[in-house]
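Coordinate inspection notes
For reference, the chains in residue letters:
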Amino acid sequence: MTVALAGSEHRVFWLDDAPGESYRQLEGSHTADLTVVGGGYCGLWTAVLAKRRDPGARVVLLEAETIGWAASGRNGGFVEASLTHGEENGRSRWPDEYDTLARLGSANLDAMERDLVELGIHAELERTGVLSVAYEPHQVRWLEEMSEGELLDERAVQAEISSPIYRAGRWVKEDSALVHPARLAHGLALAAAKLGVEVHEHSAVTSLRSVRRGTVDVRTARGLVRSKQVALATNVFRPLLRRTRLMTVPVYDYVLMTEPLSDAQMAEIGWQHRQGVGDLANQFHYSRLTRDNRILYGGYDAIYHPGRKVRPSTRTGTSRSGAWPRTS
Ligand SMILES: Cc1cc2nc3c(=O)[nH]c(=O)nc-3n(C[C@H](O)[C@H](O)[C@H](O)COP(=O)(O)OP(=O)(O)OC[C@H]3O[C@@H](n4cnc5c(N)ncnc54)[C@H](O)[C@@H]3O)c2cc1C
């Protein structure tokens, strides 16, 4: 560890900053129309949408640890409308469909913002846009070739954020937002529970078994849900279906959070418009401000542990239980 990082702590700022509610463990036998496995964004939003579509449906959500403890509670908080990881990638792969994909992505971001209002979720959403920055001459050319947003030359980009290594920037204001990731996850869980979703933490699903046509037994250590439908939202964790195991490749990305910057430090840097920032490298770096003016830096690393391992020893910080998944 370098001297600059000597005083740092291996903790998850977002989760410390916004602890969520607790939900009790699943015990005993139950029935459900839908069981959702996984309490990250994917599982939580699935449960919310299912309840909205059919308020009378019995929806159970089972989370192995605590809501949002994994990627959903510890990410950069960049919410991008793009469904194609950017315009250039999208146009090169789906030239005929790109305009439709871009339209759907923007509609999706708008709907998400509406959902936060309707569901009463205070996720510190800021629609400040994303500033893509170039450090190298060839990256300046890439920015010039893009069509979305506003192109900033060296002087203009450094007027936004006073970094001597920025040579140009492109600020796309419309199609992105920043959120507090843990507040989003915890807010979604609360909204789901208010809609009537039965949320359980410390309830790792250990097996799925078809009992008869149209019914699946979802088992945890201390409970069972006999369910008409199951939605799997387990992200990089060991898939419950054998056939998807080879398609699941866990890759670690890390972020670093500074202390809050003083007013003098903020004045020196600028960053008055609080944009999310990303560079143009293949394994890109990104940074953003928090509400209390810390800087989050992330990206570049994409670390794979052989054997698709996801272990407590390779992660930063722990959840409230801290023991799952087991290291076997
Ligand atoms: C450092 C970092 C920065 C990132 N930055 C961004 C960003 O700025 N913008 C962006 O769009 N994306 C970002 N991402 C990616 C984003 O966070 C994830 O794509 C997203 O959170 C995935 O949500 P999820 O619900 O699929 O998975 P997770 O949040 O991983 O949730 C899966 C859940 O399933 C549970 N689970 C697994 N197996 C079982 C089981 N058998 N039984 C019960 N529960 C189970 C887990 O405990 C976990 O809580 C980042 C990720 C990281 C790690």
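Conventions adopted
- Residues numbered from 1 in each chain as written.
- Predicted model: local features only at pLDDT ≥ 70, side-chain atom pairs only at ≥ 80, totals over all residues.
- Heavy atoms only, no water.
- Domains from an automatic or database assignment.
- Contact = heavy atoms within 4.5 Å.
- Buried area = accessible area lost by both parts, 1.4 Å probe.
- Salt bridge = Lys/Arg side-chain N within 4 Å of Asp/Glu carboxyl O.
- Polar contact = N/O pair within 3.5 Å; in protein donor to acceptor, adjacent residues only side chain to side chain.
- Helix = DSSP H or I, 4+ residues; strand = E, 2+ residues; numbered from the N terminus.
- Core = buried A, V, L, I, M, F, W, Y, C linked by side-chain atoms within 4.5 Å.
- Buried < 20%, exposed > 50% of the residue type's maximum accessible area, 1.4 Å probe, protein only.
- Near = heavy atom within 4 Å.
- Nonpolar A, V, L, I, M, F, W, Y, C, P; charged D, E, K, R; others polar.
- Axes fitted to C-alpha atoms, helices over the stretch in contact; angles between N-to-C directions.
- Parallel < 35°, antiparallel > 145°, perpendicular 65-115°, else oblique.
- Left-handed = near helix turned anticlockwise from the far one by under 90°.

Next up on the list: the domain arrangement of the protein chain. According to the domain assignment, the protein chain contains domain 1 (9-77 + 180-253), domain 2 (78-126) and domain 3 (130-172 + 255-300). Just the C-alpha atoms count here: the centres of domain 1 and domain 2 sit 23 Å apart. On the side of domain 2, eleven residues touch domain 1, which itself brings twelve residues to the contact. Of the roughly 970 Å² buried where domain 1 meets domain 2, counting both sides, 60% is carbon and sulfur surface. Here domain 1 is connected to domain 2 by three salt bridges. The partner of E118 in a salt bridge is R52, and the shortest N-O contact between them spans 3.3 Å. The tally of links between domain 1 and domain 2 comes to seven residue pairs in polar contact (both at pLDDT 80 or more). When residues of the side of domain 1 that touches domain 2 are traced back to their parent elements, those giving at least two are α2 (41-53) and α7 (181-195). For the side of domain 1 that touches domain 2, the leading source of residues is α7, giving six residues.

As a rule of thumb, nonpolar side chains are buried together in soluble globular proteins. The biggest cluster of nonpolar side chains holds 31 residues, and the ones touching the most others in it are V59, L61, I121 and L184. Taken together, the elements giving at least two residues each to this core come down to β1 (28-37), α2, β2 (59-62), α4 (98-119) and α7. Per-element tally for this core: the top contributor is α7, with six residues. Two domains each donate at least three residues to this core, and these are domain 1 (9-77 + 180-253) and domain 2 (78-126). If near-sequence neighbours (up to four positions away) are discounted, L184 is found in contact with Y41, W45, M112, L116, I121, A123 and V179. Core analysis: the next-biggest nonpolar cluster, separate from the first, contains 14 residues, V133, L152, L261 and M266 among them.

Here we come to the site of the ligand. Within the structure, the ligand sits among 30 residues, and E63, W69, S72, F78 and V205 are positioned closest to it. Contact distances for the ligand include 2.6 Å between an oxygen atom and a side-chain N or O atom of S72. Between the ligand and F78 there is a distance of 2.8 Å, counted from a nitrogen atom to a backbone nitrogen or oxygen. Along the lines of polarity and charge, the residues of the shell around the ligand split into 17 nonpolar, ten polar and three charged.

Let's shift gears to the packing of α2 against α4. Geometrically, a packed helix pair is captured by the angle between its two axes and the distance between the axes. At a minimum axis distance of 13 Å, the contact between α2 and α4 shows a crossing angle of 70 degrees. Accordingly, the angle class assigned to the pair α2 and α4 is roughly perpendicular. Along the contact surface, α2 presents W45, V48 and R52, while α4 presents M112, D115, L116, E118 and L119. For the contact of α2 with α4, the per-class residue count stands at five nonpolar, no polar and three charged.

Interaxial distance between α2 and α7 falls to 9 Å at its minimum, and their mutual angle equals 30 degrees. Here α7 runs roughly parallel to α2, going by the angle between their axes. Two packed elements cross with a definite hand, and for α2 against α7 that hand is left-handed. Between α2, through Y41, L44, W45, V48 and K51, and α7, the contact on the second element is made entirely by P181, L184, A185, L188, A189, A192 and L195. A class-by-class count of the residues in the contact of α2 with α7 yields eleven nonpolar, no polar and one charged.

For the rest of this paragraph, the subject is the environment of V277. By secondary structure assignment, the location of V277 is in strand β13 (residues 276-279). Placed 132 residues apart in sequence, V277 and E145 show a C-alpha to C-alpha distance of 19 Å. When residues no more than four places from it in sequence are discounted, the contact partners of V277 are F78, L131, V133, I161, Y166, W271, H285, Y286 and S287.

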